[in-house]
Structures are given as C-alpha cells and as structure tokens.
Amino acid sequence: MRRCDHMEHPKVSDKRSERVIFLSHCILNQNAKVRGIAAHPGAVVPLVQLLLEQGVGMYQMPCPEMAYLGNMRWGAVKDQYHNPMFRRHCRRLAEEVVDAVENYRQCGYQVLGFVMMDGSPVCGLNRTPRPKDPNVLWGGMAWYVPESVYAPGKGNFCEILQEELQRRGQGNLPFVASPEFDEVGTLDEALSQVKALLAGTGSRSDGR
Ligand code: SF4
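These notes cover the structure that comes with them. (Residues numbered from 1 in each chain as written. Predicted model: local features only at pLDDT ≥ 70, side-chain atom pairs only at ≥ 80, totals over all residues. Heavy atoms only, no water.)

What follows is about the overall build of the protein. When helices and strands are tallied, the protein shows 7 helices and 6 strands. The secondary structure elements of the protein, listed N-terminal to C-terminal, are β-α-α-β-α-α-α-β-β-β-α-β-α. What you see for the protein is a C-alpha radius of gyration of 18 Å, in line with the 17 Å of a compact globule of 208 residues. Across its three principal axes, the protein shows a C-alpha extent of roughly 65 × 35 × 30 Å. In the protein, the proportion of contacts linking residues at least 24 apart, taken out of those at least 6 apart, comes to 74%. Within the structure as shown, the protein displays about 11700 Å² of accessible surface, and the carbon and sulfur contribution to it stands at 51%. Distance between charge centres in the protein, computed from 24 positive and 23 negative side chains, equals 4 Å. (Helix = DSSP H or I, 4+ residues; strand = E, 2+ residues; numbered from the N terminus. Rg over C-alpha atoms; globule rule 2.2 N^0.38 Å. Contact = heavy atoms within 4.5 Å. Areas by Shrake-Rupley, 256 points an atom, 1.4 Å probe, with all protein chains shown as cover. Lys, Arg positive; Asp, Glu negative; His and termini not counted. Charge placed at Lys NZ, Arg CZ, Asp CG, Glu CD.)

The next point concerns the pattern of salt bridges. For the structure shown, the criterion picks out 12 salt bridges. Its salt-bridge partner being Glu65, residue Arg73 comes within 2.6 Å of it at the nearest N-O pair. Glu65 sits in the buried class, given a relative accessible area of 9%. Arg130 serves as the salt-bridge partner of Asp79, at 2.8 Å between the closest nitrogen and oxygen. In this pair, Asp79 sits in helix H4 (residues 78-81) while Arg130 sits in strand S4 (residues 127-131), placing the two residues 51 residues apart along the sequence. Since its relative accessible area comes to 33%, Asp79 is described here as partly exposed. With relative accessibility at 31%, the residue Arg130 sits in the partly exposed group. (Salt bridge = Lys/Arg side-chain N within 4 Å of Asp/Glu carboxyl O. Buried < 20%, exposed > 50% of the residue type's maximum accessible area, 1.4 Å probe, protein only.)

If you look at the biggest cluster of nonpolar residues, it comprises 47 residues, and the most contacted ones within it are Phe22, Phe114, Met116, Phe157 and Leu161. Within the residue set of this core, elements represented by two or more residues are strand S1 (19-23), helix H1 (25-28), helix H2 (45-53), helix H5 (84-106), strand S3 (110-118), helix H6 (156-167), strand S6 (175-179) and helix H7 (187-198). The biggest single contributor to this core is H5, with 8 residues. Residues in contact with Phe114, not counting those within four places in the same chain, are Phe22, Met61, Val97, Val101, Leu161, Leu165, Leu173, Pro174, Phe175, Val176 and Leu197. (Core = buried A, V, L, I, M, F, W, Y, C linked by side-chain atoms within 4.5 Å.)

A few words on the site of the ligand. Around the ligand, the structure places His25, Cys26, Ala32, Lys33, Cys63, Pro64, Glu65, Arg73, Met117, Ser120, Val122 and Cys123. Looking at side-chain class alone, the shell around the ligand contains 7 nonpolar, 2 polar and 3 charged residues. (Near = heavy atom within 4 Å. Nonpolar A, V, L, I, M, F, W, Y, C, P; charged D, E, K, R; others polar.)

Bringing the packing of aromatic side chains into the picture now. Per the counting criterion, the structure on display carries 7 aromatic pairs. Taking 5.2 Å as the distance between ring centres and 40° as the angle between the ring planes, the aromatic pair formed by Phe22 and Phe114 counts as tilted. Of this pair, Phe22 sits in strand S1 while Phe114 sits in strand S3, and the two are 92 residues apart along the sequence. Overall, Phe22 belongs to the buried group, its relative accessible area being 0%. For Phe114, a relative accessible area of 0% puts it in the buried group. (Phe/Tyr/Trp six-rings, centres within 6.5 Å; stacked < 30°, edge-to-face > 60°.)

Let us now look at a nonpolar patch on the surface. Judged by side-chain polarity, Tyr68, Leu69 and Met85 come together as a nonpolar surface patch covering roughly 290 Å² of accessible area. Mapped onto the elements, Tyr68 comes out in helix H3 (residues 66-69). (Patch = residues over 30% accessible without salt bridge, like charges linked within 9 Å, V, L, I, M, F, W, Y side chains within 5 Å.)

Before going further, it helps to spend a moment on H6. Over its 12 residues, H6 extends 17 Å from the first C-alpha to the last, a length consistent with the 16 Å expected when each residue adds 1.5 Å. Burial in H6 covers these residues: Asn156, Phe157, Cys158, Ile160, Leu161, Gln162, Glu164 and Leu165. Tucked inside the fold, the buried residues of H6 contact H4, H5, S3 and S6. At the C-terminal side of H6, Gly169 shows a positive phi close to 70°. (Expected span 1.5 Å × (residues − 1).)

Along the chain, the position of Asn156 falls in helix H6. When neighbours within four sequence positions are excluded, Asn156 is seen to be in contact with Lys78, Tyr81, His82, Phe86, Arg87, Pro121 and Val122.

Further remarks concern the packing of H2 against H7. Interhelical geometry of H2 versus H7 gives an angle of 20° and a closest axis separation of 10 Å. With respect to H7, the element H2 is oriented roughly parallel. Of the two possible hands of crossing, H2 and H7 adopt the one that is right-handed. Contact residues: H2 offers Pro46, Leu47, Leu50 and Leu51, while H7 offers Leu187, Leu191, Val194, Lys195 and Leu198. Taken together, the residues of the contact of H2 with H7 break down into 8 nonpolar, no polar and 1 charged. (Axes fitted to C-alpha atoms, helices over the stretch in contact; angles between N-to-C directions. Parallel < 35°, antiparallel > 145°, perpendicular 65-115°, else oblique. Left-handed = near helix turned anticlockwise from the far one by under 90°.)

So this is what it looks like as structure tokens:
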C-alpha cells in the first residue's frame, strides 16, 4: 500500500494533533489490575494529565491478563504466563495493536511510542516478577506461593509486541514504562521518560 507520510488531506482539516501514544491498558484503567495492587482509583493521573496537556491521543492497548483470565485472577510471575497458549493470545493482541500503529503511520500520524507497566509479568519493560529460586516449580493451590523477585527483563506481552513491531517493519519506536510499585521505579522517573519520548529523544525498541 502507498505510504502517505508527510501528506495533508486536501479538503478536510480539524483539530486533531496527529500525535498518538500507545499505553498499557491499566494506565487508563486501574480496575484491570490484580486486586491489591491498584495505586490509583481510575487512571495514572499525573501521566495522563501530561499527555492531555500535550494534545496527544491515547491508544489504550488491551489488557492481556483480563482478556485471558478476567478480573478474578491471582498475581503471577512471568514464568507462569510463559507458555505457548498465553503467548499465542499475546501474539493475537499484538497483531491488532501493530495494525493500528502501521495504519496511523501510513496516514502520516506521528506514533510517539509505547508506555508499558514495569513490575508486570506481562507488560513489564525493564522489570518483571520471576521466581526467587529458579529451581522451584510454581503453580498449585493458592495457599502455597513461593517467593518472587523483580528481575531485569520484559514481560511476555512486551516481548511479543516488540517482536511483532520488528516483524512488521515498525521496530523503530521508543518504549518507556510506568512503575507498578516503588520497588521497580518511581512515577517521577516515568514522567521524565515520557517527556523525553514526547520530545522525540526516547530510546528505540530495537536498541538503536
Ligand atoms: S500491566 Fe498489563 S496485564 Fe497487567 S493489568 Fe496492566 S494492562 Fe493488564
């Protein structure tokens, strides 16, 4: 299909900024989170406020956990979701997200990048929960939960989303993350990262 970067619509203009950012679902809807870890009543207000002030459209990506297990789910480590069935589910969701990325860019919109959720086994970018003891197998009844740690690395959806972006020639977009807990980062750091991303100085998903 013909790309229309840098083209303008000849007849119709309106107030749109033609700037879009892609957000992990729970940045706009904390009700999607595992019960016990929502840090805000609704949205992550300081981050959303910043984007509102900048006139940036917010694309709310689907919540892979909600779409798989619903709201009545337990917290989990990355390893529990790291199975072919969940990752296929993530692939399907990622394909639709990248469809939107590709289409906005085909039509000349500026896709500013992605804001993920650090500390999540699914949407984590820099930190994700893993078993503290890699030799202990997880799963079983709810009264037995082994210890976990927040380890460096990406969650399952984040990995697959970046793979899909690369596969579709869209891998040059920056990724930053908001923290789920203070243990994995501060909101102030996240806001600085998002400001850098809005200024066009964020780091790219392909590491270049
Ligand atoms: S971090 Fe990702 S999987 Fe977890 S609640 Fe938010 S959107 Fe859903």
